[in-house]
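Analysis of the macromolecular model
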Amino acid sequence: QVQLVESGGGLVQPGGSLRLSCAASGSSFVTSDMGWYRQAPGKQRELVASITSGGITNSADSVKGRFTISRDNAKNTVYLQMNSLKPEDTAVYYCNAKALNLPGIAWRDYWGQGTQVTVSS
């Protein structure tokens, strides 16, 4: 099994910044795409940003120019730098990773437990 542990959420004022981290761990595995999703109360979970193992990124239009996703493959960790935060960014943020437990052959989606981000004055 692969475990994803997130950190870095919290309360921040509008215009502020936060950095989320998500570390993947397990006995023996490899990851491909990693990313961040978010879910606000009463809304569906949505993709915020994703990154391939080669560093190709994709992000939602609502966060372009404000959020940056990156990863450290050696540490199996993905980051989300969030700048110019707005109240509408308030949500629970979930880390996602596509991973293969070795010596298996089936890639699976794994999820973190979620971390709350609240943007409010």
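Everything below is about the structure printed above this text.
None of these values were measured; they are calculated from a predicted model. (Residues numbered from 1 in each chain as written. Predicted model: local features only at pLDDT ≥ 70, side-chain atom pairs only at ≥ 80, totals over all residues. Heavy atoms only, no water.)

With that settled, consider the pairing of strand β11 (residues 115-119). Here β11 shows a buried face lined by T115, V117 and V119 and an unburied face lined by Q116 and T118. In terms of strand pairing, strand β2 (residues 10-12) meets β11 through three bridges, oriented parallel. Considered in β11, the bridge of G10 is made with V117. Summarising the sheet, strand β9 (residues 91-101) and β11 pair through three bridges and their orientation is antiparallel. By the bridge assignment for β11, Y93 is matched with T115. (Buried < 20%, exposed > 50% of the residue type's maximum accessible area, 1.4 Å probe, protein only. Helix = DSSP H or I, 4+ residues; strand = E, 2+ residues; numbered from the N terminus. Pairing = 2+ DSSP bridges.)

The next thing to look at is the side chain of S21. Examined against the element boundaries, S21 turns out to sit in strand β3 (residues 18-25). The contact partners of S21, leaving out residues within four places of it in the chain, are V5, E6, S7, W36, V78 and Y79. (Contact = heavy atoms within 4.5 Å.)

This part covers the pattern of salt bridges. Applying the stated rule across the entire model yields five salt bridges. Between D89 and R66 there is a salt bridge, with the nearest N and O atoms lying 2.7 Å from each other. Taken together, the positions of D89 in the loop between β8 (77-82) and β9 and R66 in the loop between β6 (57-59) and β7 (67-72) put the pair 23 residues apart, joining distant regions of the chain. Sharing partners across several salt bridges, the network here consists of R38, E46, R66 and D89. (Salt bridge = Lys/Arg side-chain N within 4 Å of Asp/Glu carboxyl O.)

Let us now look at the environment of S27. Structurally, the position occupied by S27 is in the loop between β3 and β4 (29-39). A relative accessible area of 73% means that S27 is categorised as exposed. As for S27 and Q1, which are separated by 26 residues in sequence, their C-alpha atoms are 7.5 Å apart.

Core analysis: the largest hydrophobic core is formed by 30 residues, its most contacted members being W36, L80, M82 and Y93. Only β3, β4, β5 (46-51), β7, β8, β9 and β11 provide two or more residues apiece to this core. Tallying contributions element by element places β9 first for this core, with five residues. (Core = buried A, V, L, I, M, F, W, Y, C linked by side-chain atoms within 4.5 Å.)

Next up on the list: the sheet that holds β3. One open sheet holds the four strands; their spatial order is β1-β3-β8-β7, and the pairing between them is antiparallel. Two strands close off the open sheet at either side, each with one partner strand: β1 (3-7) and β7. For this sheet, the mean angle separating the axes of adjacent strands, direction not counted, is 15 degrees. Judged from the six bridges that link them, β3 and β8 form a sheet pairing that is antiparallel. The residue bridging L20 from the neighbouring strand is L80, located in β8. (Axes fitted to C-alpha atoms, helices over the stretch in contact; angles between N-to-C directions.)

Here we take up the state of the cysteines. On inspection of all chains with the given rule, the structure shows one disulfide. Residue pairing for C22: its cysteine sulfur links by disulfide to C95, the two sulfurs lying 2.0 Å apart. Measuring the twist about the S-S bond at about -80 degrees, one finds the C22-C95 disulfide to be left-handed. Of this pair, C22 sits in strand β3 while C95 sits in strand β9, placing them 73 residues apart in sequence. Comparing C22 with C95 shows no difference in burial state: the two are buried. (Disulfide = S-S within 2.5 Å.)

Worth remembering: the numbers are spatial, not functional.
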